Amino acid sequence: MSGQRTVVASVIVAALGYFVDLYDIVIFGVVRVASLDELGITGAANTAWGIDLLNLQMIGMLIGGLFWGVIGDKFGRRFALLATITVYSLANIANGFVTTVEQYAVLRFIAGVGLAGELGAGVTLVAEILPARFRGYGTTVISFLGLVGALTASFVGGYLHWRTAYFVGGGMGLAVLAGRWWVLRESAMFDAHKAQARGQGDLRLLFGRLDSFGRFLAVIAVGVPIWYVSALFVNFSPELGRALNLAGPLPVADVLRWQATGLALGSAASGLISEWLKNRRGVVFGFIAGMMALTAVLLSLEGRTPQLYCVLMFVMGLAQGYWTVFMTLSAEQFGVNIRATVTTSVPNFVRAMVVPVTLLLKLLLPGMGLIKAVLLIGVAVYALALLALYSLKETYGKDLDYFE
């Protein structure tokens, strides 16, 4: 296989892995109610366990983000991509066999650890094997296919039995693993610098220096609004619909289908717009501003229809599509010796922010009610994201061949 064809094949199998990854991340939200009902967890306990299981998955992703990032910087991007997809594919197949909520909890944690490595390792590899002028397009392909995976989860989880939905995710992961084994190439940039032993995967370069740690925290804050919306406006849409007195039920699968469609289109649009404008930060700012406006509109839908909520969530998905530019911005902020560690851990720290967001929601619910609590959390999340974005430097076209 020629060099150019090998690069294209590597981008494709990296993107297909994120398709499966995001399918497996969101499938729990789609099948939460049905799966817990079948396990005998109903009513308020269903919501409480739903929060706990989601948090366990996210904690697993937080731990896995650092673990797989270090693995990617020490042993290679290819190795990390092969290992991570193996772990989460087997864990999700096992999810289809659970008979108790305790088994469910353990396997959601393990799946979270495995899911943590996929996106960051894929983005790092693609960023390093593509020329600078094509870097943003490669990330756009990964992000777009991943979000199509989320859309696929909304259909599979909505129409098939929840156990079958988990089997489908695990089976797709093993199929992609086979493809990666044959066609995935390692980053030449990584291979060239590996022998120099310049602190590859050394967490002290990230957490032991004020400048790099500050950049790390800022990048995380920029991405939190995306998962604030996904956690509260999608995963807990049935509860939100009741709080808004909507004229009918609001199933997660329906909301996710609309939001994921918007996300897929928005992820492609944000990546392309960023390349055309040769700008990362300005594009991210515009998309976050759109999310802020839509949050206010969604929380004022008292007595309206579920269909209107879903349509607005499609538009919200378009705005959330800045995830593509966000991941490119993350990869471009750090040197080759800790790039995989950062790019792998950042999206998982962002996703793990669901834990404090949902715990804060639990804390505020009794005194404020769901609508006011969600709004207050949103004000804090958006304000921090904009301040963090202001502190970061523009990175479009930046040469990535350097050490921290």
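From a predicted model like this one, the values you see are computed outputs, not experimental measurements.

The rules behind the values
- Along each chain, residues carry numbers from 1 onward, in the same order as the chain's sequence is written.
- Only residues with pLDDT of at least 70 are given local features in this predicted model, and only at 80 or more are side-chain atom pairs given and counted; all residues enter the totals for whole chains, interfaces and linings.
- Values shown for side chains rest on all heavy atoms present in the structure; no hydrogens or waters enter the calculation.
- Any pair of Phe, Tyr and Trp rings, taking the six-membered ring for Trp, is counted once the centres come within 6.5 Å. Such a pair is stacked with planes under 30 degrees apart, edge-to-face with planes over 60 apart, and tilted for the rest.
- By the criteria applied, helices consist of DSSP H or I runs no shorter than four residues and strands consist of E runs no shorter than two, each listed in order from the N terminus.
- Residue exposure (1.4 Å probe, protein chains only): buried if accessible area is under 20% of the type maximum, exposed if over 50%, otherwise partly exposed.
- Detection works on a 1 Å grid of protein atoms alone, calling trapped sets that fit a 1.4 Å probe cavities and calling open sets with protein on both sides within 12 Å along at least five of seven lines pockets, with lining residues defined by an atom within 4 Å of a point.
- Grid points are joined across faces, edges and corners, and a volume is the space filled by probe spheres set on the points.
- For this scheme, ten residues count as nonpolar: Ala, Val, Leu, Ile, Met, Phe, Trp, Tyr, Cys and Pro. Four count as charged, namely Asp, Glu, Lys and Arg, and the remainder, Gly too, count as polar.
- The rule for a salt bridge is simple: a side-chain nitrogen of Lys or Arg has to be within 4 Å of a carboxyl oxygen of Asp or Glu.
- The contact definition used throughout considers only heavy atoms, calling two residues in contact when any of these lie within 4.5 Å.
- Within a predicted model, pLDDT stands for the predictor's per-residue confidence, ranging from 0 to 100.
- Axis lines are fitted to C-alpha atoms, over the contacting stretch for helices. Their N-to-C directions set the angle, which ranges from 0 to 180 degrees.
- Angle categories are assigned with fixed cut-offs, so that under 35 degrees is roughly parallel, over 145 is roughly antiparallel, 65 to 115 is roughly perpendicular, and the rest are oblique.
- Crossing handedness follows the turn of the near helix against the far one: under a right angle anticlockwise gives a left-handed crossing, and clockwise gives a right-handed one.
- In plain words, nonpolar cores are sets of buried Ala, Val, Leu, Ile, Met, Phe, Trp, Tyr and Cys residues tied together by side-chain atoms within 4.5 Å.
- Exposure above 30% relative accessible area and the lack of any salt bridge qualify a residue for a patch; like charges then connect within 9 Å, and the nonpolar side chains Val, Leu, Ile, Met, Phe, Trp and Tyr within 5 Å.
- To be clear on the numbers: accessible area is Shrake-Rupley with a 1.4 Å probe, and residue cover counts the displayed protein chains and nothing else.
- Here a helix's expected span is defined as the number of its residues, less one, multiplied by 1.5 Å.

A. Summary view of the packing of aromatic side chains. Per the stated rule, a full pass over the model turns up 12 aromatic pairs. Aromatic side chains W162 and Y166 sit 6.3 Å apart centroid to centroid with 90 degrees between the ring planes, which places their arrangement in the edge-to-face category. You can see W162 and its partner Y166 sitting in helix α7 (residues 162-183), 4 residues apart, about one turn around the helix. According to the relative accessible area criterion, W162 is buried, its value standing at 4%.

B. Seen up close, the side chain of E128. Within the secondary structure, E128 sits in helix α5 (residues 118-129). Classification of E128 by relative accessible area gives buried; the value is 7%.

C. Quick peek at empty space enclosed by the protein. In this structure the tally under the stated criterion is 2 cavities of 30 Å³ or more. Within this model, the largest cavity holds a volume of roughly 220 Å³. In this structure, the largest cavity is lined by 21 residues; those nearest its centre are L22, V26, W227, S230 and Q259. Of all the secondary-structure elements, those providing two or more residues to the lining of the largest cavity are α1 (3-38), α2 (43-75), α6 (132-159), α10 (210-235) and α12 (252-277). Sorting elements by how many residues they give to the lining of the largest cavity places α1 first, with 6 residues. The class makeup of the residues in the lining of the largest cavity is 17 nonpolar, 4 polar and no charged.

D. The layout of surface pockets, seen in detail. Counted as a void, the largest pocket has a volume near 200 Å³. Lining the largest pocket, in full, are I220, A221, V224, M353, P356, V357, L360, I377, A380, V381 and L384. A per-element tally of the lining of the largest pocket places helix α18 (residues 370-391) first, with 4 residues. In the lining of the largest pocket, the residues fall into 11 nonpolar, no polar and no charged.

E. A look at the pattern of salt bridges. Scanning the entire structure with this criterion turns up 11 salt bridges. The salt bridge partner of R77 is D73, with a shortest N-O separation of 2.8 Å. Judged by its relative accessible area of 1%, D73 is buried. R215 is the partner of D211 in a salt bridge, and the nearest nitrogen-oxygen pair spans 2.8 Å. Here D211 and its partner R215 are both found in helix α10, 4 residues apart, which amounts to about one turn of the helix. Using a relative accessible area of 16% as the deciding quantity, one classes R215 as buried. The network of salt bridges with common partners includes D73, R77, E128 and R339.

F. Layout of the environment of Y104. Along the chain, Y104 falls in helix α4 (residues 101-115). Contacts of Y104, omitting those with residues within four sequence positions, involve F28, V31, S35, L36, L39, L53, N95, V98 and Y166.

G. Quick peek at the confidence of the model for the protein chain. The share of residues in the protein chain with pLDDT of 70 or more is 96%, and the mean pLDDT across the chain is 88. When mean pLDDT is compared element by element in the protein chain, helix α13 (residues 281-298) scores highest at 97, while helix α8 (residues 188-194) scores lowest at 72.

H. A look at the packing of α12 against helix α14 (residues 306-320). Between α12 and α14, the shortest axis-to-axis distance is 6 Å and the interhelical angle comes to 30 degrees. With respect to α14, the axis of α12 lies roughly parallel. The interaxial crossing formed by α12 with α14 has right-handed handedness. Taken together, the residues of α14 that come into contact with α12 (itself represented by D254, V255, W258, Q259, T261, G262, L263, L265 and G266) are Y309, C310, V311, M313, F314, G317, L318 and Q320. Residues that form the contact of α12 with α14 fall into these classes: 10 nonpolar, 6 polar and 1 charged.

I. Up close: the nonpolar core. In this structure, Y228, F233 and Y309 are the most contacted members of the largest nonpolar core, which totals 133 residues. The dominant element in this core, judged by the number of residues it contributes, is α1, at 17 residues. The residues touching Y228, leaving out its near neighbours within four places in the chain, are F233, T295, V357, V374, L375, I377, G378, V381 and Y382.

J. Region of the structure containing a nonpolar patch on the surface. Together, F134, Y137, W276 and L277 give the surface a local cluster of nonpolar side chains, amounting to about 460 Å² of exposed area. Within the residue set of the nonpolar patch, elements represented by two or more residues are α6 and α12. Its place among the elements puts Y137 in helix α6. The class of Y137 is partly exposed, set by a relative accessible area of 32%.

K. Highlighting unusual backbone geometry. With phi around 55 degrees, N245 is a residue other than glycine that occupies positive phi space. Relative to the elements of secondary structure, N245 occurs in the loop between α11 (237-243) and α12. Phi at K278 is positive, roughly 55 degrees, even though this residue is not glycine. Inspection of the secondary structure assignment puts K278 in the loop between α12 and α13.

L. Molecular detail of the environment of F216. Relative to the elements of secondary structure, F216 occurs in helix α10. When the C-alpha positions of F216 and G122 are compared, they lie 19 Å apart, and in sequence the two are 94 residues distant. Look past the residues within four positions of F216 in its chain and what remains in contact with it is L206, F207, F334, V342, S345, V346 and F349.

M. Structural context of α4. Taking 1.5 Å per residue as the helical rise, α4 with its 15 residues ought to reach 21 Å, and the 20 Å between its terminal C-alpha atoms agrees with that figure. Restricting attention to buried positions, one finds in α4 the residues V101, Y104, A105, L107, R108, A111, G112, V113, G114 and L115.

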